[in-house]
Amino acid sequence: MKEGLIRKVPGVSVVEIDLSRAEDKDLSEISQTMGLALSLREMKALKEHYSRPLTDVEIQTFGQTWSEHCIHKTFKGIVEVEGGRRINGLLKEYIMKATKELNKPWCYSVFEDNAGLIEFDQDYLVAAKVETHNHPSAVEPFGGAATGVGGVIRDILGVWGEPIANIDVLCFGPLDLPYETLPHGLKHPKYIYKGVIAGIGSYGNNMGIPTVSGAIFFDSGYVGNPVVYCGCVGILPKGFYVKDTKEGDYAVLAGGRTGRDGIHGVTFASTDLMEDTDRLRPAVQIPNPLVEERLRRAIITIRDRRLASGITDLGGGGISCATGEMANRSGLGIEVSLDVVHLKEPDLAPWEIWISESQERMLLSVPERNLGDVLEVFEDEDVEACVLGRFNGSRRLRVYHRGLVVCDLDLEFLYSPPRAIRKASHVEYVPTPCALPEPKDLAEELLRILSDPNIRSKEDVIRTYDHEVRGCTAIKPLQGDLSGPNDAAIIKPLRDSWMGVVISCGITPFYPDPYWMAAASIEEAIRNNTSVGGRRIALLDNFVWGNPEREDRMGSLVRAAEACYDFSKALDAPFISGKDSLYNESPLGPVRPTLLITGIGIIPDVRKAVTVELKEEGDPLYVLGVTRNELAGSIYLKSKGLNGGECPKVNAKISKDTTQSLIKAMDSGLVAACHDVSEGGIGVAAAEMVMAANLGLSIDLRNVPSDVNRSDVLLFSESTSRFLVEVKRDCVREFEEILQGVPHCKVGVVGGNSFRIFGLDGSTWEVGISELRHAWRGVDGP
Amino acid sequence: MDLSRAKACIARVGGTNCDLEMKVALENLGLTAEVLHMKQILKRGLSEYQLFVLPGGFSYGDYVRAGAIWGKEVHSKIKSELEAFIDEEKLVMGVCNGFQVMIEAGILPNGELVEVPKAALANNMSAKYECRWVYLRVERGGTPFTGDLETGEILKIPVGHGEGRFIPASEDFLKELIEEGCVLFRYSMPSGEAAEGRYPYNPNGSVYDIAGICNRKGNVMGMMPHPERAFFGWQLPEERNVPYGDGKRIFQGIIKYLQKY
């Protein structure tokens, strides 16, 4: 690097960087050595704009604010697709566009604030947000996952929501991965798995927020890049959503102390994970749920007393991003003093205080008349708080440290980063024939699939999360003494209303075509929600992808985003919030592209919710939807180590008609039990309904609506838009009437003490309930 | 006394998180219930209340040991106040973390605030947090907390804890507890026979399947399971179309007692 570009200023604690004399290679070097993760184009934009030297506090502000994590440059940038097509932003052209066109009156605030807000009833709003914490969890599993939970809870607090439920979806490498195949620097999946689960349980349980929904996947595509999705749902009275920061309001920082933990968390999240992960530990924050619990109490009190004019959480970028965003959002400027910040250790450099991502902190804007009251509320709850600064009309971000200005930036420029341009190739899965001889013994196949790590009961994990705390969980993740897997959870958030919030997930990472994978995930989230009686469903999208600067990764991202538009629109379910985690690369290559869709529905009366377990001997069992020969990415093939086959597709019309009819049947009281058909097909879904009830079932594959001519395919294909429905014996005619026009057929009868399958050629297979349970749970009985 | 004049104090500190559902349960039965931070209790005292509840949660983050810090705070700051409260035969109830606090403060097993606890609530035998519904057998009906229950009845109520394994100081002390009717609830099989340590019916490995205990008079009670989470029918995992769950029976007992108090 050219000499004198980075200069320590005598007598002060800042360093000055003179970009005006820097050449391209110097710019790249500065970005790298200071941990900015800015591209050469972005560094050049800075050089062009500033003839004066920038302080380290200033240049770090750009590093944080312009990071992938904070402004989603890939999703907001321009994409040039192979063949000459140009996309003016994935977010704008696809995901937000569907929401805009659907134009639902119940969408209250979408894609704007820390969390999406929809109407619950006339007086209340539901807030929802899902985040990822992949990189931190790969480096320090317990702390990474726990702070992921803590962070998303603060997103809900950041829209004045009272958190009522947590969601956690996790993807790991195979737990039995041979140690010798693990590249140097990566941690073994088992270590990550144990730490992540302990971290999630610890934070959610401590905070007293029930963890009610989630999923766990295992695949070699997650060895180098484990995936940790943390979600939170909250509720708030409508009139209390206040975001009205005014000139003269004070900025109050409250909660945990600021330290060296979590320095450069966002820039680390915006680059590949290529070095020895232990060296990155300091970038992971340290969790302390006790502090956040007190903070939550104080914030809800401040909300209810209407003492503050605005709020935001401190996440990526720490104080720098929270103050800048709050000022910018309100068209204001702000002056901040770093001297008043409560520190974990005394000698932090100003830039460290400025960008540290230490946990459990929130920023509030408070009118002068309420400042004393706000500080008193914090004191009453034993929460440390300081008056960080004051909002003004300057449109500048000015920061003081020991009497000196260490940062003075124009907000207009800070929030107009150069738009990223990404290139994408066309990515599409071309089906190859799948050479799979038809097995003779489908009972054996079923037991093998039930014991597959991706299908097996996750009870061991789920019961370490408190899903009953708050006493509002109407439908639990595990049903009854026998722990059947309910498709969605229901929370009854209000004392005086029977209405419930229905929370579901859709995630199908093994389907090889990015477009149909995204379509199936959306449809699955809706289907799971419908299974328990949820309707009026809003969606959240969370993309976990590899490096978007590579054309193939970008190509599949484009396809997935296209499906988001197409199916959100066609299935009448708007997106309300989302987040992307890109740059999930390791020495083993990119992460398996994974899209989590979270569904937030409502149910008018939680007492009418439908659960998974079979109810009554003699009731008929129906299959809704069409079963096709769609085995690509199915657990059936995957568990045999096979590829090929057709990818499950979604027929939006059939899907929509089916869910609408099913809800109608549920509301008419005709449905005794319901389960969505997903991983493992009809075989697994039916077995789960049997195990959850200790009631047998026989099904006849000849009656399954389908054009497939093989029993194994009928039993294990993962075609979308299907449900298994136990109909009350006396209600069959009414049910059939409602289902007119929707593919459906009676396929079985509840009864006996085994699961019996009749194949196409007349062969029959029978498995005892206890045998099923041994395969699926490892033990019989509770 | 007239129920409209009776009042419950639900105590909390940082980390307490089951206070609101406790309030909902008590208020549903017509009792006035106030959630008070320890700071407020220190200022106001307990004289205006007839029921003192230590609810569940992770008081002070459960650092050191579950309930240890709050237990010491109770012992050092409101010992005499609480002893007088107990002497007046008012009711003290601890659920989950509240039970842990009572043990750490020495309030239970004896109903007097002793220096060295005579029992412990240790880490679950399964070495993990356990959130599940369990069956409880009522070992002694007719006490202030079981006034609406008969000996031998079976209740279905959930637990949610990592440290709930009841261990008495000695075999003799256990015998004493049993003989004096201080064992109030035991984990049992659905049929009603004792769980005898069988997991997960006994979810934590408690000695003698102990889920809840009381003092001799029965006006001081602690239990690991959460009756406030099994209060309404819609909270139950099965048979949800009933108005109330088994947890209500315990609160019903409290109400009966207060009406006679």
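Check the entry above for the structure.
Predicted, not measured: the structure shown is a model, and the values here were computed from it.

1. As for the pairing of strand β35 (residues 754–758) of chain A
Residues and elements named next belong to chain A.
- When strand β32 (residues 697–700) meets β35, the two strands line up parallel, connected through 4 bridges. Residue pairing for β35: D700 is matched across the bridge by F758.
- Judged from the 5 bridges that link them, β35 and strand β36 (residues 764–768) form a sheet pairing that is antiparallel. Bridge pairing links F758 to T764 in β36.
- Hairpin connection of β35 to β36: 5 residues between the antiparallel strands, including G762 at a positive phi of 90°.

2. Remarks on the interface of chain B and chain A
- Contact with chain B, which involves 35 residues of that partner, is made by 42 residues of chain A.
- Roughly 3,200 Å² of surface becomes buried between chain B and chain A when both sides are summed, with 46% attributable to carbon and sulfur atoms.
- Applying the counting rule to chain B against chain A returns 7 salt bridges.
- D382 of chain A is paired through a salt bridge with K39 of chain B; the nearest N and O atoms lie 2.7 Å apart.
- The tally of links from chain B across to chain A stands at 24 residue pairs in polar contact (both at pLDDT 80 or more).
- Breaking the side of chain B that touches chain A down by element, the ones donating at least two residues are α1 (19–28), β6 (130–138) and β7 (154–161) of chain B.
- When residues in the side of chain B that touches chain A are grouped by element, the largest group, 5 residues, is from β6 of chain B.
- In the side of chain B that touches chain A, the residues fall into 14 nonpolar, 9 polar and 12 charged.

3. Description of the sheet that holds strand β12 (residues 250–255) of chain A
Residues and elements named next belong to chain A.
- An order of β13-β15-β12-β16-β14-β17-β18 is seen for the 7 strands of this open sheet, with the pairing classed as mixed. Of all strands in the sheet, those bounded by a partner on one side alone are β13 (310–313) and β18 (404–410). Each strand axis lies, on average, 20° off the axis of its neighbour in the sheet, ignoring direction.
- Sheet topology note: the β12/strand β16 (residues 385–392) ladder contains 5 bridges and is antiparallel. Directly across from Y250, in β16, lies its bridge partner R390.
- Packed on one face of the sheet, helix α8 (residues 141–157) meets β13 and β15 (361–366) and runs near 165° to β13.

Calculation rules
- One numbering rule holds for all chains: residues counted from 1, following each sequence as written.
- The order in which chains are written sets their letters, starting at A; the order in which ligands are written sets their numbers, starting at 1.
- Under the rules for a predicted model, residues below a pLDDT of 70 receive no local features and side-chain atom pairs below 80 are neither given nor counted, while totals for whole chains, interfaces and linings still include all residues.
- Heavy atoms throughout the structure, all of them, feed into the side-chain values; hydrogens and water do not.
- In this analysis, strands are considered paired if DSSP registers two or more bridges between them.
- The secondary structure listing takes helices from DSSP runs of H or I that are at least 4 residues long and strands from runs of E that are at least 2 residues long, numbered from the N terminus.
- Any two residues having at least one pair of non-hydrogen atoms within 4.5 Å are treated as being in contact.
- For any pair of parts, buried area is found by adding up, for both, the accessible area (1.4 Å probe) each one loses once the two are put together.
- Salt bridge, as used here: a side-chain nitrogen of Lys or Arg that lies within 4 Å of a carboxyl oxygen of Asp or Glu.
- Here a polar contact means two N or O atoms within 3.5 Å. Within protein one must be a hydrogen donor candidate and the other an acceptor candidate, and residues neighboring in sequence count only if both atoms are side-chain atoms.
- Polarity classes work like this: nonpolar for Ala, Val, Leu, Ile, Met, Phe, Trp, Tyr, Cys and Pro, charged for Asp, Glu, Lys and Arg, and polar for all others, with Gly in that last group.
- Lines are fitted to the C-alpha atoms to define the axes, a helix being fitted only along its stretch in contact, and any angle between axes, read from their N-to-C directions, falls within 0 to 180 degrees.

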